[in-house]
Amino acid sequence: MFSFSLRRRYVGPLSLGVLICAFIAVPAQASVNTSQCLEQEFSQPFLYAKDSNYYTLLAGESPDNFEGTGWELSGGAQVVTDELADGATGNVLDLPSGSKAVSPVVCVTSEYPFARGIVRNVKGSEGVFFYVEYEGTSTWGHPKNTGQIHGNHTEWTLVTPVNLQPYNVPGLQPMRITLIPGGKTSDFEVYNLYVDPRMH
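The shown structure was predicted, so the numbers you read here are calculated from the model rather than taken from an experiment.

Conventions used here
- Residues numbered from 1 in each chain as written.
- Predicted model: local features only at pLDDT ≥ 70, side-chain atom pairs only at ≥ 80, totals over all residues.
- Heavy atoms only, no water.
- Helix = DSSP H or I, 4+ residues; strand = E, 2+ residues; numbered from the N terminus.
- Buried < 20%, exposed > 50% of the residue type's maximum accessible area, 1.4 Å probe, protein only.
- pLDDT = per-residue confidence, 0-100.
- Contact = heavy atoms within 4.5 Å.
- Salt bridge = Lys/Arg side-chain N within 4 Å of Asp/Glu carboxyl O.
- Polar contact = N/O pair within 3.5 Å; in protein donor to acceptor, adjacent residues only side chain to side chain.
- Core = buried A, V, L, I, M, F, W, Y, C linked by side-chain atoms within 4.5 Å.
- Pairing = 2+ DSSP bridges.

Notes on the overall build of the protein
Helix and strand content of the protein: zero helices and 17 strands. Within the protein, the fraction of its 200 residues that count as buried is 48%.

Remarks on the confidence of the model for the protein
Model confidence for the protein is summarised by a mean pLDDT of 83, while 80% of its residues fall at 70 or above. Here residues 1-28 is a poorly scored stretch, pLDDT under 50, and it has 67 contacts once near neighbours within four places are set aside; other chains count.

Looking at the pattern of salt bridges
Under the criterion given, the structure shown has four salt bridges. Linking Arg-120 and Glu-189 is a salt bridge whose minimum nitrogen-to-oxygen distance equals 3.0 Å. Of this pair, Arg-120 sits in strand S11 (residues 114-123) while Glu-189 sits in strand S17 (residues 187-196), placing them 69 residues apart in sequence. In this structure Arg-120 comes out as buried when scored by relative accessible area, which is 15%. On the basis of relative accessibility, which here comes to 6%, the residue Glu-189 falls in the buried class. For the salt bridge of Glu-133 with Arg-176, the shortest nitrogen-to-oxygen distance reads 3.2 Å. Of the two residues, Glu-133 sits in strand S12 (residues 128-134) while Arg-176 sits in strand S16 (residues 173-181), which places them 43 residues apart along the sequence. Owing to a relative accessible area of 4%, Glu-133 belongs among the buried residues under this scheme. Salt bridges here are not isolated pairs; linked through shared partners, they connect Asp-82, Arg-120 and Glu-189.

Observations concerning the side chain of Thr-137
Within the fold, Thr-137 resides in the loop between S12 and strand S13 (144-149). Since its relative accessible area comes to 11%, Thr-137 is described here as buried. Within polar-contact distance, the side chain of Thr-137 engages the backbone oxygen of Tyr-134 at 2.8 Å.

Re the nonpolar core
Judged by nonpolar contacts, the single largest core of 31 residues is most densely connected at Trp-71, Leu-95, Phe-130, Leu-164, Met-175, Ile-177 and Leu-179. Of all the secondary structure elements, the ones that give two or more residues to this core are strand S8 (89-96), strand S10 (106-108), S11, S12, S16 and S17. Residue contacts for Phe-130: discarding those within four places in its chain leaves Ala-115, Lys-144, Asn-145, Thr-146, Gly-147, Val-162, Leu-164, Ile-177, Thr-178, Leu-179 and Leu-193. Of all hydrophobic cores here, the second largest spans 11 residues; its members include Phe-46, Tyr-55, Leu-57 and Leu-84.

Thoughts on the pairing of S8
Relative to S8, strand S7 (residues 78-83) runs antiparallel, the two sharing six bridges. Bridge assignment links Thr-81 to a residue of S8, and that residue is Asn-91. Hairpin connection of S7 to S8: five residues between the antiparallel strands, including Gly-87 at a positive phi of 90°. Inspection of the sheet shows S8 paired to S17 by four bridges, in the antiparallel sense. Residue pairing in the sheet places Asp-94 in a bridge with Glu-189 of S17.

Side note on unusual backbone geometry
Residue His-153 is not a glycine yet carries a positive backbone phi of 60°. Looking at the element boundaries, His-153 is found in the loop between S13 and strand S14 (157-158). Of note, Asn-192 is a non-glycine position whose phi angle comes to about 50°, a positive value. By the element assignment, Asn-192 lies in strand S17. Judged by its relative accessible area of 6%, Asn-192 falls in the buried class.

Encoded structure:
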């Protein structure tokens with residue numbers, strides 16, 4: 001698996017991708033703190049699934065291990081040890097009904113539109129709802145739902161990419177992800193949650 005480091009920089013409008021969601025109005029962004037946009041490691045963790053895109057892990061994770069550092073866990077969300085998809089043992093994020101997990105801030109641009117991870121349904125099939133909020137916009141403190149992830153029954157499943165819906169504005173956009181499980185008696189586990197910078 002190939003990996004490398006890349007330091008994020010502001011990029012000019014001419015180099016930005018044209019990812020515009022028709023149903024989202026482009027906001028006038030307030031001043032945001034990009035000092036939290038640190039150097040990140042990129043790799044190709046899903047080559048086994050014929051996905052050659054480069055990804056960066058969210059903070060609080062390492063490959064095949066959800067540590068939870070910097071995450072805000074509530075309502076019963078917790079880090080547990082379980083058998084992973086490859087048969088090894090590692091820590092995963094457990095999300096029973098009524099729980100919530102909020103990630104540390106990650107910085108993206110409009111060229112970094114997706115997230116992908118591995119999930120399984122311990123109990124129930126409603127899946128985990130995916131919310132995002134961008135600092136300096138109306139979504140900060142009021143996350144918007146952008147999709148849902150769920151496994152193939154109790155098997156570990158590589159989910160289809162979830163659209164992060166970054167705004168079509170220049171520069172870095174500090175963002176948080178919130179995971180909320182669906183159902184009233186469900187339980188889901190998640191690990192290897194990556195952001196896709198579309199650098200293939």
